[in-house]
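Structural overview
So the chains spell out like this:
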Amino acid sequence: MPSSVIRFFRYAPDTRELKLTFVSGRLYVYEDVPPEVAAAFRGVLQPRNP
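Below: a short report on this structure. (Residues numbered from 1 in each chain as written. Predicted model: local features only at pLDDT ≥ 70, side-chain atom pairs only at ≥ 80, totals over all residues. Heavy atoms only, no water.)

As enumerated under the stated definition, the model contains 3 aromatic pairs in all. Arranged with centres 5.4 Å apart and planes meeting at 15 degrees, the rings of Phe9 and Phe41 form a pair that is stacked. In this pair, Phe9 is assigned in strand 1 (residues 6-12) and Phe41 in helix 1 (residues 35-45), connecting sequence segments 32 residues apart. Given the relative accessible area of 13%, Phe9 is considered buried. (Phe/Tyr/Trp six-rings, centres within 6.5 Å; stacked < 30°, edge-to-face > 60°. Helix = DSSP H or I, 4+ residues; strand = E, 2+ residues; numbered from the N terminus. Buried < 20%, exposed > 50% of the residue type's maximum accessible area, 1.4 Å probe, protein only.)

By the bridge criterion, 6 bridges tie strand 1 to strand 2 (residues 17-22) in an arrangement that is antiparallel. Among the inter-strand pairings, Phe8 is bridged to a residue of strand 2, identified as Thr21. Linking two consecutive strands that pair antiparallel, namely strand 1 and strand 2, is a turn of 4 residues; a positive phi of about 60 degrees is found at Arg16 within it. (Pairing = 2+ DSSP bridges.)

All right, on to the sheet that holds strand 1 then. Picture the strands of a sheet paired through backbone hydrogen bonds; they go either parallel or antiparallel. Taken in spatial order, the 3 strands of this open sheet run 1-2-3, and their pairing is antiparallel. Each of the sheet's edge strands pairs with one partner strand only, and the pair in question is strand 1 and strand 3 (27-30). With strand direction ignored, the average angle separating the axes of adjacent strands in the sheet is 15 degrees. Summarising the sheet, strand 2 and strand 3 pair through 4 bridges and their orientation is antiparallel. Bridge pairing in strand 3 places Lys19 opposite Val29. Packing against the sheet, helix 1 makes contact with strand 1 and strand 2, and its axis sits at approximately 155 degrees to strand 1. (Axes fitted to C-alpha atoms, helices over the stretch in contact; angles between N-to-C directions. Contact = heavy atoms within 4.5 Å.)

Structure below.
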C-alpha cells in the first residue's frame, strides 16, 4: 500500500543509511539500518497489483 505521508524513500547500502522525506518536507535519517530491514520497508511502500 503506498503511503500518503512519505514522499521519498532512499537506502544507501554502503553507509546503511535510510532516508525518509515526508510530504511535510521533514527529513528523517536512520543510521546503521540492516539491508533486510530496508528491503522490508521498501516492500511495504510499493504499490501492489490486486
